[in-house]
Structure formats: structure tokens, C-alpha cells
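Remarks on the overall topology
Okay, here's what each chain looks like letter by letter:
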Amino acid sequence: MAKIVMKFGGAALGSTEQIQEAARKAIAEKDKGFDVVVVVAAMGHTVKEMKMMVHQLTDDVSKRELDAVLSTGSQLSSALLAIALQEAGYNAVSLTGWQAGIHTDGMYRHARIDYIDVSRMEEHFTQGQIVVIAGEQGIDEEHNITMLGKGGAETAAVALAVSLEAERVDMYTNVDGVYTADPRYVTNAQKLQEISYDEMLELSNLGSHIIHPRAVELAKKFQMPVIIRSSLVESVGTLLKEEVEMEKNLVVRGVAFESDIIRLTVGYDAFSNASLADIFTVLAENRINVDIIVQAIIDGLKPTVSFSILKEEFAEALRVLEDSKLSLGFSFADFEIGLAKVSIIGSGMASNPGVAARMFDRLRRENVPVKMVSTSEIKVSVVVPQDDMIKAANALHDEFNLEQALYI
């Protein structure tokens, strides 16, 4: 029997009514003849409450125990959804991450999936059960509960679909698909029927929080179709796939933006002390994501390397750098706040020169200063003052005619 994996985030499970709606959606797929796996995240308010209780007890909680505490959030969601399915007359069972066979490495808070043993899920399918899995978690080789970190439930959903050879993954979110830009802030943003994995990966990395980059990377690697759809209303959604249908001469297909960017600058007394490999290896070992990187080597001035980082990772990045200051050999670290990142994305950019020039010219005409730049084959990102973020996004959406993002 064909299988389908459905994922519901915490925002889609915030009340008993929403849990019942998620159950109805799962039942609809079961009635179509699918074996159904539902992956759920923790309800947002439960996570906040658990963290608050932990920090009332200590400011120095062990990572192992924190993962054990936080794992109960998605376990609660999965059990409640299974109860709702049973009340509707359907055979359902809730499983924790380890019961579902999700095996991970031992990195607490940021674990990665090593493999999934689907044998227990297959047994439940033979009994006609809908399987509801607590996302965001797994178990390491020492049998400790581990949390997958940001995007964990989405990543687990794709990984489960791959392991089960499912037909597709349906990601239920608070939006009805992927838009050319965030419609809450950008006038005339249009919903896309399809988007390539590469374009979605760039959008996700550059500020679109619809689906986590980890999940997109995994879907691309195994060519797993993913549909982004609304948990609130019935909609077709947006299909993620390898190749998309050609649109009306659109070189740029999306604008993404992200606030609270910090530019961190590390300076050296001499060029011989500077090592990009060493500094970014240390940050990577602590799973701190660095984005735009600029190195400045100018005669008469101390060499520096600047990089952008999210506000939420700033404190950890400073701690890591300070702890490694002697081995890295830098003399000072400085930072600038109040920044944002605005990006244009499109697979057609690779074969169309001049896109970046148009972007910079439009920002100049809008009097938006550009502080850092990063490019790839399918995106151009700029760091600008945060106060100019929305103006820049709307200007670029207009510049590249994204209101015409309709299929021919």
C-alpha cells in the first residue's frame, strides 16, 4: 500500500480544535487508501513553559536532561492526536522518536539522524493503524534521548518518508504555500504552484521560515516530493521538486528577507596570524551557522574578517571565539547590530548576467545602503540597515516583476 507522511507544526496543534482538524486531514488521506504517518512538533506554549520551569531550577542545566525535558513536548502532541483519531473511530498509535526507530548521533540539542529502523512502523501498518510520531527527537547509540534542533520535525518527516519509500510529504503550516515574498510585508506577492529544491533551499536559508533548510536538503538528496500546504484552509499548496515549469521570463522568482542580523568582525595584528580555516572550523564544530563572509587585507591596516550571524546565535559565537582566542590568534572582536539581510533568488540567474547590477542600482535609487554582499549561481544577498529591510524587499519585488509570477 502506498504511504504518505504528514507533518504538523506546533502552530497547527495549539488547541484541541486544531488537533481535531489535523486528525480530519489524516483521516482523509487514510480514506484514500494510504498508509499514513503523521509527524508532529511540540505545541509552542508547552515548550516555553518547560523551559521556564527548567530555568527556575537552574541556570546551568545539562544538555542531556534538557533534551529529555523538551522531548516530552512532541510526545504530548502525538498522544493527543492519536486520541483524537481514536475518538473519530480510527485505529491509531503514538510513538516517540526512539519507538519509531529514529537513531541519531550524540549531539544534544542539535542531533543529526544516522538511520531509521522502520520495522515497528511497518508492523503498525499491517494492523491498519495511523502512526503518529513525536518529531524533533531520536535516540543515540547510548540510548539517550536527543533533540534534532531547529527544523527537526520537518527533517524527521522527510527522513521517515525516504526510509518508508513514501509517495510524498505534506508539510502543514500556517501559510497556504510558498510566495514570491512574504505577503504580509510585500505588496502583490504571488503564490507559486511549484518551486525547485535549490530555490526553496536558498529561500529557507535567507529568511523564509516556511520549511527548514535541513528538510529541503534531505528532500533534494533523495528526490522526495514535498507539498507545502495550509493547516487552516483547504488549498493546493506549493510543490517542491527538482525541475519546475517555465514561467513568464522570470529570472528572479523570489525575494527573502531576515531581520536581526549581526555583523561580527574579528581582527588580527598581522596577516600571518589570520586563518579563515581555523576560525570557521571552530564555529562549525559548535554548529554555529555563519553566512556572508568578507575578508579585508589592506596595506597599513590590521587584517580583519567579517561575517554575518543570526542574533540568536550571537552569544554562543562570542563565547566560542573567546574560549578559542589564543589558538585562533586574533587580537579583537567587534560587532554591529541593527542589520537585516535581503536576497533575490532564481535558478534563471545563472544564465542571465546583470541581475546583481539591477539589484544594486535599484537599491541605490531607493537610498538603501549596502553593507555586505554575497552571491551564488541562483541568489544575491545584501546586508542593509534593518530599518530599510521592508522598503528594499518591496523595491526588489517590483524591480524584477514578481507580481507576474503566473504560469503560462
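The structure reproduced in this document is the subject of the present report. (Residues numbered from 1 in each chain as written. Predicted model: local features only at pLDDT ≥ 70, side-chain atom pairs only at ≥ 80, totals over all residues. Heavy atoms only, no water.)

With that settled, the discussion passes to the overall build of the protein. In terms of regular secondary structure, the protein is built from twelve helices and 18 strands. For 408 residues, the compact-globule estimate of 2.2 N^0.38 gives 22 Å, and the C-alpha radius of gyration of the protein, at 23 Å, lies within 12% of that figure. In terms of its C-alpha atoms, the protein occupies a principal-axis envelope of roughly 75 × 55 × 35 Å. Within the protein, the proportion of its 408 residues that are buried is 51%. A sequence separation of at least 24 residues applies to 76% of the contacts in the protein between residues at least 6 apart. Positive and negative side-chain charges of the protein, numbering 38 and 58 respectively, have mean locations separated by a distance of 3 Å. (Helix = DSSP H or I, 4+ residues; strand = E, 2+ residues; numbered from the N terminus. Rg over C-alpha atoms; globule rule 2.2 N^0.38 Å. Buried < 20%, exposed > 50% of the residue type's maximum accessible area, 1.4 Å probe, protein only. Contact = heavy atoms within 4.5 Å. Lys, Arg positive; Asp, Glu negative; His and termini not counted. Charge placed at Lys NZ, Arg CZ, Asp CG, Glu CD.)

This brings us to the packing of helix H2 (residues 44–57) against helix H3 (residues 63–87). The interhelical angle for the contact between H2 and H3, taken along N-to-C directions, is 155°, at an axis separation of 10 Å. Between H2 and H3, the angle is such that the two are roughly antiparallel. H3 is crossed by H2, and the crossing has right-handed handedness. Taken together, the residues of H3 that come into contact with H2 (itself represented by Thr46, Val47, Met50, Lys51 and Val54) are Leu66, Val69, Leu70, Thr72, Gly73 and Leu76. Classifying every residue of the contact of H2 with H3 gives seven nonpolar, three polar and one charged. (Axes fitted to C-alpha atoms, helices over the stretch in contact; angles between N-to-C directions. Parallel < 35°, antiparallel > 145°, perpendicular 65-115°, else oblique. Left-handed = near helix turned anticlockwise from the far one by under 90°. Nonpolar A, V, L, I, M, F, W, Y, C, P; charged D, E, K, R; others polar.)

Inspection of the secondary structure assignment puts Lys379 in strand S18 (residues 379–385). Within the buried core, Lys379 has no salt-bridge partner, and the shortest N-O distance to an opposite charge, that of Asp291, equals 4.9 Å. Within the local environment of Lys379, its side chain forms a polar contact with the side chain of Ser374, the two groups lying 2.9 Å apart. (Salt bridge = Lys/Arg side-chain N within 4 Å of Asp/Glu carboxyl O. Polar contact = N/O pair within 3.5 Å; in protein donor to acceptor, adjacent residues only side chain to side chain.)

Turning our attention to the nonpolar core. Grouped together as the largest cluster of nonpolar side chains are 47 residues, with contacts concentrated most on Met121, Ile133, Met171, Ile211 and Leu240. For this core, the element with the highest residue contribution is helix H5 (residues 152–164), accounting for eight residues. Not counting chain neighbours up to four residues away, the residues in contact with Met171 comprise Lys7, Glu154, Ala157, Val158, Ile211, Ala215, Val226, Ile227, Ile228 and Arg229. In this structure, Val186, Val255, Ile344 and Val355 belong to the second largest nonpolar core, which totals 25 residues. (Core = buried A, V, L, I, M, F, W, Y, C linked by side-chain atoms within 4.5 Å.)

Helix length check: H5 (13 residues) gives 18 Å between terminal C-alpha atoms against 18 Å at 1.5 Å per residue, within 8%. Here H5 has its buried residues at Gly152, Ala153, Glu154, Thr155, Ala156, Ala157, Val158, Ala159, Leu160, Ala161 and Leu164. Looking one or two residues beyond H5, the residue adopting positive phi is Glu165, at roughly 55°. (Expected span 1.5 Å × (residues − 1).)

With that settled, the discussion passes to the pattern of salt bridges. Per the counting criterion, the structure on display carries 32 salt bridges. Of the charged contacts in the structure, one is a salt bridge between Arg263 and Glu336, with a shortest N-O distance of 2.6 Å. Of this pair, Arg263 sits in strand S13 (residues 254–267) while Glu336 is found in strand S16 (residues 332–345), placing the two residues 73 residues apart along the sequence. The partner of Asp291 in a salt bridge is Lys341, with the nearest N and O atoms 2.4 Å apart. You can see Asp291 sitting in the loop between helix H8 (276–285) and strand S14 (293–296) and its partner Lys341 sitting in strand S16, a full 50 residues away along the chain. One salt-bridge network, in which partners are shared between bridges, spans Arg358, Asp361, Arg362, Arg364, Arg365, Glu366, Asp398 and Glu399.

To continue, consider the sheet that holds strand S17 (residues 372–376). One open sheet holds the six strands; their spatial order is S14-S15-S13-S16-S18-S17, and the pairing between them is antiparallel. What marks the edges here is a single partner per strand, and that holds for S14 and S17. Here the strands of the sheet are splayed against their neighbours by 30° on average, with no regard to which way each runs. Bridge count between S17 and S18: five bridges; the pairing is antiparallel. Of the residues in S18, the one forming a bridge with Met372 is Val383. In the packing of helix H6 (residues 197–205) onto the sheet, contacts are made with S13, S16, S17 and S18, and the angle to S16 comes to roughly 140°. Across the sheet, helix H12 (residues 389–399) touches S13, S16 and S18, and the angle it forms with S13 is around 130°. (Pairing = 2+ DSSP bridges.)

Further remarks concern the environment of Thr180. Note that Thr180 resides in the loop between strand S9 (169–173) and strand S10 (194–196). Along the sequence, Thr180 and Gly254 sit 74 residues apart, while their C-alpha atoms lie 4.2 Å from each other.

With that out of the way, let us pick up unusual backbone geometry. Phi is positive for Arg287, close to 55°, though the residue is something other than glycine. In this structure, Arg287 sits in the loop between H8 and S14. On the basis of relative accessibility, which here comes to 25%, the residue Arg287 falls in the partly exposed class.

Moving on, we come to the pairing of S13. In terms of burial, S13 is a largely internal element, eleven of the 14 residues being buried. As paired strands, S13 and S16 are joined by eleven bridges and run antiparallel to one another. In the sheet register, Val266 faces S16, and the bridge partner there is Ala333. In this structure, S13 lies alongside strand S15 (residues 304–310), joined through seven bridges in antiparallel fashion. When the bridges of S15 are listed, Val266 appears paired with Val305.

Taken together, the side chains of Leu76, Leu80 and Ile83 make up a nonpolar region of the molecular surface, amounting to roughly 230 Å² of accessible area. Within the element layout of this structure, Leu76 appears in helix H3. (Patch = residues over 30% accessible without salt bridge, like charges linked within 9 Å, V, L, I, M, F, W, Y side chains within 5 Å. Areas by Shrake-Rupley, 256 points an atom, 1.4 Å probe, with all protein chains shown as cover.)

The subject of this paragraph is helix H11 (residues 355–365). Buried within H11 we find Val355, Met359, Arg362 and Leu363. On an axial view of H11, the arc spanned by its buried residues comes to 100°, and they lie on one face. (Arc of directions from axis to C-beta.)

Shape descriptors only; they carry no functional weight alone.
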